[in-house]
Amino acid sequence: MAGVLHDTGDVADPRTARAAVSTGRLPTAEAVRATLEGVHRRFRDDRGGKVADYIPVLAEADPELFGIAVAYVSGGVHAAGDADHMFSIQSVSKPFVFALVNDALGRETVRRRIGVNSTGLPFNSVLAVELNHGSPMNPMVNAGALATTALVPGASPQERWDFIRRGLSRFAGRDLLVDDRVYTSEAATNQRNESIARLLDSYGALAGDPMATTDLYTRQCSLTVSARDLAAMGATLANGGVCPLTGEQVVAAGVCRDTLSALATAGLYERSGDWLYEVGMPGKSGVSGGIITVAPGKGSLAVFSPRLDEAGNSVRGQRVAHFLSGALGMDLFASTPHTEATA
Ligand code: GLU
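Residues numbered from 1 in each chain as written. Predicted model: local features only at pLDDT ≥ 70, side-chain atom pairs only at ≥ 80, totals over all residues. Heavy atoms only, no water.

Engineer: Please explain the site of the ligand as it appears in this structure.
Structural biologist: Around the ligand, the neighbouring residues are Tyr54, Gln90, Ser91, Phe123, Asn142, Glu186, Asn193, Tyr217, Cys221, Tyr269, Gly286 and Val287. Within the side chain of Asn142, one N or O atom sits 2.9 Å away from an oxygen atom of the ligand. In the complex, the protein chains occlude 98% of the 300 Å² of accessible area that the ligand would expose alone. Here the residues of the shell around the ligand sort into 6 nonpolar, 5 polar and 1 charged. (Near = heavy atom within 4 Å. Polar contact = N/O pair within 3.5 Å; in protein donor to acceptor, adjacent residues only side chain to side chain. Areas by Shrake-Rupley, 256 points an atom, 1.4 Å probe, with all protein chains shown as cover. Nonpolar A, V, L, I, M, F, W, Y, C, P; charged D, E, K, R; others polar.)

Shown next as structure tokens:
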């Protein structure tokens, strides 16, 4: 469904929409605020896609909810619409757990155990594991995320859970809590993730017990965030690992760079190529409708809108990110010819 990003009108035309290039900073606070209001109005009536229903409680989400937030590396956050509405983080947790594990264990260990290549297959594919002889392939699909969560350090389940919850909270700059209804609903319908964990285990590719690992992963997916929180978390990745809201160094700068490159490969699952081509920034989506995208050195954009495409990515979230990457000059690949004036 490349079409999700092809029918946003004039923004798809690089000659008109890509005037702002990737160098420098985000526009001023006033310009960002005005742009966000305008973009919220522009996409308010976009009803493309369908709310996820394979986790029963997610089907109850109000499909009209729509929030946008932009966080600067300098600490400012601007928001429009339902940017404070809380929802479960789902797969947007994956890059942050990956970053924490990478920081704790070292990049070579994690690289060897997980990998960084895309699968070209859906996020919860069992076939991908079989086709790749038991390799989880990358930390953004479920197999790789389960294998990453299995590497979380700690002597007990409680210590491992604390590592994840506290770690993600440090990225957000505030304490994050679990939505128990989401956790219970997902835990009761988690047979596919349990199967993936068991399959990885059969290949010797899972560092922990399959059931305990799936449970920890399910808890991690059930942490609740707002679009504003996600923007702050993304801005920590954009800011060399220092949370712009608290000034705390959460992970090393090199870990952020590794995490963002893994997102570029696989953050939007089998649509990652379309995403990078159109949006020009590493991004990550989750089935509850959250989506983040990160411009290193500048900041992060987060959108929450629960209707998804067939790959499980927020439709309106992708379109808004596409529009704003051009409008705010966040696209990493955009440039203009050198002139004396820009020297
Ligand atoms: N908890 C979800 C699952 O594992 C996350 C999937 C997603 O957000 O893409 O099925």
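Engineer: Explain the nonpolar core here, please?
Structural biologist: As a rule of thumb, soluble globular proteins bury nonpolar side chains together. Counting residues in each nonpolar core, the largest one holds 61 residues, and the members touching the most others are Leu168, Phe171, Leu230 and Met233. With 7 residues, the single largest contributor to this core is helix H11 (residues 227-238). Apart from the residues within four sequence positions on either side, Phe171 is in contact with Phe96, Ala99, Leu100, Ala232, Met233, Thr236, Leu237, Cys243, Val250 and Val251. Counting residues in each nonpolar core, the second largest holds 27 residues, with Leu5, Leu268, Val279 and Val303 among its members. (Core = buried A, V, L, I, M, F, W, Y, C linked by side-chain atoms within 4.5 Å. Buried < 20%, exposed > 50% of the residue type's maximum accessible area, 1.4 Å probe, protein only. Helix = DSSP H or I, 4+ residues; strand = E, 2+ residues; numbered from the N terminus. Contact = heavy atoms within 4.5 Å.)

Engineer: Quick question: what am I supposed to make of the state of the cysteines here?
Structural biologist: Here is the idea: a disulfide is a covalent bond, and it sits between the sulfur atoms of two cysteines. Considering all chains together, one arrives at 0 disulfides under this definition. There is no disulfide at Cys243, and the cysteine sulfur nearest it, in Cys256, is 11 Å away. With a relative accessible area of 0%, Cys243 lands in the buried category. With relative accessibility at 2%, the residue Cys256 sits in the buried group. (Disulfide = S-S within 2.5 Å.)

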